[in-house]
Amino acid sequence: MNRVSAIDIRNVTKAYGPTLVLDDISLKAEANEFIAFLGPSGCGKSTLLRMIAGLETLDAGEIHIGGRRIDEREPGARGVAMVFQHYALYPHMTIRDNMGFGLKNIRMNKAEIDRRVAEAARILEIEPFLDKKPGQLSGGQKQRVAIGRAIVKNPDIFLFDEPLSNLDAALRMRTRLELAQLRRRLNATMILVTHDQVEAMTLADRIVVMHDKKIQQVGAPMDIYARPANRFVASFVGSPPMNFLPVSVSEGANGAVATLGDGSKVTTRVKGLTDSASWELGLRPEHVRVSDQGLAAKVEFVERLGERTLVYARLGDGTALTAEDEGLSRVKMGDTIYLKVDGDAAHLFDADGKGYHTPEVG
Amino acid sequence: MSKPFGHMGWRHSLWWLALIALGLIMVAPLIWTLMLSLKSNSELLRSTTNAFHLPYTLENYAAILKSSGVFRWLFNSVLVAGLTTIGVLTLSSLAGYGFARLEFPFRDVLFVVVLFGLAIPEQAVIITRHQMFAGLGLHNSYPGLILPGLAAPFGVFLMTQYFKAIPKELDEAAMLDNASRLKVFWKVLLPLTLPAQATLGIFTFLAAWNDYWWPLISATRPEMFTLTVGIASSQINFAQTSGLGYLMTQAVFASVPILIVYVFFQKYIVRAVAGQAVR
Ligand SMILES: Nc1ncnc2c1ncn2[C@@H]1O[C@H](COP(=O)(O)OP(=O)(O)O)[C@@H](O)[C@H]1O
Ligand SMILES: [Mg+2]
């Protein structure tokens, strides 16, 4: 079957002057999919989004939407709507006019504009503000208006550039939930740019992890989390970040056996390793638990988060390691503790940073 | 501020007194002008110190309505200052938008050239300008009075800075809203520059209204005089020993439009002078 992708980005390259920002990026999104571009600040997420919107030109490559090439069309003629990071509401227009501006520009008749604005205002619960100016609204309310301005256009694709980053923590969480609900309701393809992994994990069907001009990995959130393609993805996704321990590797009965600097061994189920000069063992903190036996380590710092406790410790050979303990942990700074490693959940990374994982079952 | 009225009290009072005194000094000539305009010329011939007591008369106002060119000059001033203001606002806005938002060859060099315009005094170019306008046959014409005022580097500079301060996201949002470049400029950006337009407009209008030198040079025929030149030309004799009341009446007439401007734009003028309009 040759299904037409909602978005098809083909070999897109972009440089600002001599600085290459995006290097040969290709990506497809299906209709109604929610995609998150995730990566550290400055990795080119916004640039890629803005190219889809038509706000940046491409140096090379093509972008297709719904099977039609759009990268040379005007921004307004691409069937996309964008929600800007700083909302970009027109300060001198009422909320109603802000939302209707785009429709007026395509000469939609007034009754239909009114109907769409009213509908969007109802969904977003911004009806009381329709005749106010943006300056009279709070950040969260402006955010809704910005989303409303996108909704009324009934676009094929919604583009969000860090839409939650200007909200305080509580509001951000609520808006995140609302965004997820809105998404169910709208049935449109959505692309969200974020540097916040929680946003990406909770909202997206698929995450596109970007770094260093390239797409590092594309996958479902749990896939990215459980099977990071490389060391960068492994370190960027997950909080606190994964532990990386230099190890030497030998073949075992069920998988590779990693030998740590202090001589202790971790038996993993990772298979199919290639030759590599050096290896790193990747362990998420939740897979390194405080126990009464295992790796001996000295506690350097303890963070009590309530439902769990993070223990920052150092092995005998000086390797630093983050481990987890239960909420009511008795571990104190300076204690010597033992850490039990869940080898089944361990990852290995070769000298190039490529990730190797326990084979998927089924 | 809810400072207790301790030793701050008398200090505040002193400030008030000083300000009131300053205010009186500033309005005194204006009141004096008004009073003089209400006295008969023959009485003023004898003494000008009687301006503050009876009898008063409207004879000067009657005389003006009959004879003076002041209405023509008023019309000329309104036209020249008005068109200069509209012209400067239009050109500065377009140029400011261009410098702030468009990419074109030599843009930055050109902007510096505009800024150099700020540093060149009128005195330095007035003879050349006079020659040029003479060559073009523009003296004693409205274009001759208006055109020089349209070269407004300060306006271009101000509007450029102002447009630059408006986030580009607004242009982009409007582009995604299917607005043409013209529409973005007209419907989205220009309304946001209104405070700057007001400041620039007021300064331009006042400068054009008060300009004396160029109209004095360019307009040699009385029907092309502006108010400033016209009133000055009415000072016919040494120290204005006769016809003083008549002259003062013309001055009162001349101030009325500017007074109206002040009344309507007071808010903007205060902001403009306090430098608050430009963020
Ligand atoms: N208009 C521009 N001119 C020059 N460099 C730019 C421009 N826009 C972005 N960049 C650079 O491109 C890189 C990617 O920017 P951006 O896409 O905004 O990153 P992100 O959204 O991932 O934080 C950054 O290094 C940024 O400095
Ligand atoms: Mg960004």
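This one's a predicted model, so the numbers in the text were calculated from it and none came from an experiment.

Participant: Whenever I open this one, the overall build of chain A confuses me. Can you help?
Facilitator: Broken down by element type, chain A carries eight helices and 21 strands. With respect to the three principal axes, the spread of C-alpha positions in chain A is 75 × 45 × 45 Å. Restricting to contacts in chain A with at least 6 residues of sequence separation, those with at least 24 account for 64%. Here chain A displays about 16,900 Å² of accessible surface, and carbon together with sulfur accounts for 48% of that area. Averaging the locations of the 47 positively and 47 negatively charged side chains of chain A gives two centres separated by 6 Å.

Participant: Can you walk me through the interface of chain A and chain B in this structure?
Facilitator: How large an interface is tends to be reported as the accessible area lost when its parts come together. Taken together, the contact between chain A and chain B spans 25 residues of the former and 15 residues of the latter. Carbon and sulfur atoms make up 62% of the surface buried where chain A meets chain B, a total of about 1,700 Å² over both sides. Ranking the residues of chain A by area buried against chain B places Y90, H92 and N105 of chain A at the top, with a combined share of 28%. Applying the counting rule to chain A against chain B returns two salt bridges. For E172 of chain B, the salt bridge is made with R50 of chain A, and the minimal N-O distance between the two is 2.7 Å.

Participant: Even after reading the chapter, I still don't get the layout of surface pockets, so can you show me in this structure?
Facilitator: Where empty space is left can be seen by rolling a probe of water-molecule size over the atoms. The calculated volume of the largest pocket comes to roughly 840 Å³. Contributing to the lining of the largest pocket are 30 residues, with R129, P148, G149, A151 and A152 of chain B lying nearest its centre. Per-element tally for the lining of the largest pocket: the top contributor is helix α11 (residues 194-210) of chain B, with six residues. Grouping the constituent residues of the lining of the largest pocket by class yields 20 nonpolar, seven polar and three charged. Around the second largest pocket, the lining comprises 23 residues; the ones closest to its centre are L55 of chain A together with R101, K168, M175 and R181 of chain B. Those elements that provide at least two residues to the lining of the second largest pocket are α4 (70-101), α9 (168-176) and α10 (181-192) of chain B. When the residues that make up the lining of the second largest pocket are grouped by side-chain class, the tally is nine nonpolar, four polar and 10 charged.

Participant: Before we go on, may I ask you to explain a nonpolar patch on the surface in this structure?
Facilitator: Taken together, the side chains of W16, I20, L24, V27, L30, I31, W32, F52, L54 and Y56 of chain B present a nonpolar region at the surface, about 1,100 Å² in accessible area. With respect to the element layout, I20 of chain B can be found in helix α1 (residues 8-37).

Participant: For this particular structure, what's the right way to read the nonpolar core?
Facilitator: Across soluble globular proteins, nonpolar side chains show a tendency to be buried alongside one another. One finds I9, F37 and L159 of chain A together with F163 of chain B to be the most contacted residues of the largest nonpolar core, which totals 58 residues. In terms of residues, this core owes the most to one element, α10 of chain B, which gives six residues. F163 of chain B has contacts with S93, G96, Y97, A100, R101, F185, L189, L190 and T193 of chain B, leaving out every residue within four places of it along the chain. Grouped together as the second largest cluster of nonpolar side chains are 46 residues, I123, I147, A150 and I207 of chain A included.

Participant: Honestly, the side chain of S218 of chain B in this entry has me stumped. Any pointers?
Facilitator: Residue and element names in this part refer to chain B. Position of S218 relative to the elements: it lies in helix α12 (residues 213-218). Classification of S218 by relative accessible area gives buried; the value is 1%. Side-chain polar atoms of S218 contact the side chain of H139, separated by 2.9 Å. In contact with S218, not counting residues within four places along its chain, are H139, N140, G144 and L145.

Participant: Explain the domain arrangement of chain A here, please?
Facilitator: Residues and elements named next belong to chain A. Examined at the domain level, chain A breaks down into domain 1 (7-233) and domain 2 (240-356). Distance between the C-alpha centres of domain 1 and domain 2: 38 Å. Each partner contributes to the interface: domain 1 provides six residues, whereas domain 2 provides 10 residues. In total, domain 1 and domain 2 occlude about 680 Å² of area from one another, counting both sides; carbon and sulfur atoms represent 47% of this. The partner of E280 in a salt bridge is R231, with the nearest N and O atoms 2.5 Å apart. Linking domain 1 with domain 2 are five residue pairs in polar contact (both at pLDDT 80 or more), by the criterion used here.

Participant: In this structure, what is going on with the site of ligand 1? I would like to understand it.
Facilitator: All names here are of chain A. Residues in contact with ligand 1, as listed here, are Y16, V21, P40, S41, G42, C43, G44, K45, S46 and T47. Taking Y16, its side chain carries an N or O atom lying 3.4 Å from a nitrogen atom of ligand 1. Here an oxygen atom of ligand 1 and a backbone polar atom of G42 are 2.6 Å apart. If ligand 1 stood free it would expose 560 Å²; the protein chains cover 55% of that surface. Looking at the shell around ligand 1 residue by residue, the class counts come to four nonpolar, five polar and one charged.

Participant: Can you walk me through α10 of chain B in this structure?
Facilitator: Quick reminder: α-helices carry 3.6 residues per turn. Residues three or four places apart thus point the same way. The end-to-end C-alpha distance of α10 of chain B, which contains 12 residues, comes to 16 Å, matching closely the 16 Å that a straight helix rising 1.5 Å per residue would cover. Of the positions making up α10 of chain B, those classed as buried are V184, F185, V188, L189, L190 and L192 of chain B. Close packing links the buried residues of α10 of chain B with α2 (95-105) of chain A together with α4, α8 (153-165), α9 and α11 of chain B.

Participant: Please clarify how the pairing of strand β2 (residues 19-29) of chain A should be interpreted in this entry.
Facilitator: Within a regular strand, the side chains alternate between the two sheet faces. All names here are of chain A. With seven bridges connecting them, strand β1 (residues 7-16) and β2 associate as antiparallel partners. Of the residues in β2, the one forming a bridge with Y16 is T19. Between the antiparallel neighbours β1 and β2 lie two residues, among them G17 with a positive phi of about 60°.

Participant: What should I look at first to understand the packing of aromatic side chains in this one?
Facilitator: To describe a pair of aromatic rings, one takes the distance between the centres and the angle between the planes. All told, the structure shown has 15 aromatic pairs over all chains when counted by the stated rule. Taken together, a centroid distance of 5.4 Å and an interplanar angle of 65° make the contact between W279 of chain A and Y356 of chain A edge-to-face. Of this pair, W279 of chain A sits in strand β14 (residues 279-283) while Y356 of chain A sits in strand β21 (residues 355-356), placing them 77 residues apart in sequence. The two residues W279 of chain A and Y356 of chain A agree in class, both being buried. One aromatic cluster in this structure is built from F99, F104, F111 and F157 of chain B.

Participant: Would you mind going over the sheet that holds β2 of chain A with me for this structure?
Facilitator: To summarise the sheet geometry, strands pair through backbone hydrogen bonds and adopt either a parallel or an antiparallel arrangement. Residues and elements named next belong to chain A. Spatially, four strands are ordered β2-β1-β4-β5 in an open sheet, and the strand pairing comes out antiparallel. The sheet is open, and its two edges are formed by β2 and β5 (68-69), each paired on a single side. Relative to strand β4 (residues 60-65), β1 runs antiparallel, the two sharing five bridges. Within β4, the residue paired with T13 across the bridge is A60. Its contacts with the sheet place helix α1 (residues 45-53) against β1, β2 and β4, and it is angled at close to 120° to β1.

Participant: I tried to follow the confidence of the model for chain A on my own but got confused; where do I start?
Facilitator: Interpreting fine coordinate detail is not advised for predicted regions of low pLDDT. Scored by pLDDT, chain A comes out at a mean of 92, with 99% of its residues at no less than 70. Across chain A, the secondary-structure element scoring lowest on mean pLDDT is helix α5 (residues 169-186) of chain A, at 88, and the one scoring highest is strand β9 (residues 206-211) of chain A, at 97.

Participant: Quick question: what am I supposed to make of empty space enclosed by the protein here?
Facilitator: Throughout the structure, instances matching the rule amount to one cavity of 30 Å³ or more. In this structure, the largest cavity spans a volume of roughly 50 Å³. Together, A81, M82, F84, R149, A150 and K153 of chain A together with A173, L176 and D177 of chain B line the largest cavity. Secondary structure elements with two or more residues in the lining of the largest cavity: β6 (80-83) and α4 (139-151) of chain A together with α9 of chain B. Tallied by class, residues from the lining of the largest cavity come to six nonpolar, no polar and three charged.

About the cut-offs
- Residues numbered from 1 in each chain as written.
- Chains lettered and ligands numbered in written order.
- Predicted model: local features only at pLDDT ≥ 70, side-chain atom pairs only at ≥ 80, totals over all residues.
- Heavy atoms only, no water.
- Helix = DSSP H or I, 4+ residues; strand = E, 2+ residues; numbered from the N terminus.
- Contact = heavy atoms within 4.5 Å.
- Areas by Shrake-Rupley, 256 points an atom, 1.4 Å probe, with all protein chains shown as cover.
- Lys, Arg positive; Asp, Glu negative; His and termini not counted.
- Charge placed at Lys NZ, Arg CZ, Asp CG, Glu CD.
- Buried area = accessible area lost by both parts, 1.4 Å probe.
- Salt bridge = Lys/Arg side-chain N within 4 Å of Asp/Glu carboxyl O.
- 1 Å grid on protein atoms, 1.4 Å probe; cavity = no way out; pocket = protein on both sides within 12 Å on 5 of 7 lines; lining within 4 Å.
- Points joined across faces, edges and corners; volume = space filled by probe spheres on them.
- Nonpolar A, V, L, I, M, F, W, Y, C, P; charged D, E, K, R; others polar.
- Patch = residues over 30% accessible without salt bridge, like charges linked within 9 Å, V, L, I, M, F, W, Y side chains within 5 Å.
- Core = buried A, V, L, I, M, F, W, Y, C linked by side-chain atoms within 4.5 Å.
- Buried < 20%, exposed > 50% of the residue type's maximum accessible area, 1.4 Å probe, protein only.
- Polar contact = N/O pair within 3.5 Å; in protein donor to acceptor, adjacent residues only side chain to side chain.
- Domains from an automatic or database assignment.
- Near = heavy atom within 4 Å.
- Expected span 1.5 Å × (residues − 1).
- Pairing = 2+ DSSP bridges.
- Phe/Tyr/Trp six-rings, centres within 6.5 Å; stacked < 30°, edge-to-face > 60°.
- Axes fitted to C-alpha atoms, helices over the stretch in contact; angles between N-to-C directions.
- pLDDT = per-residue confidence, 0-100.

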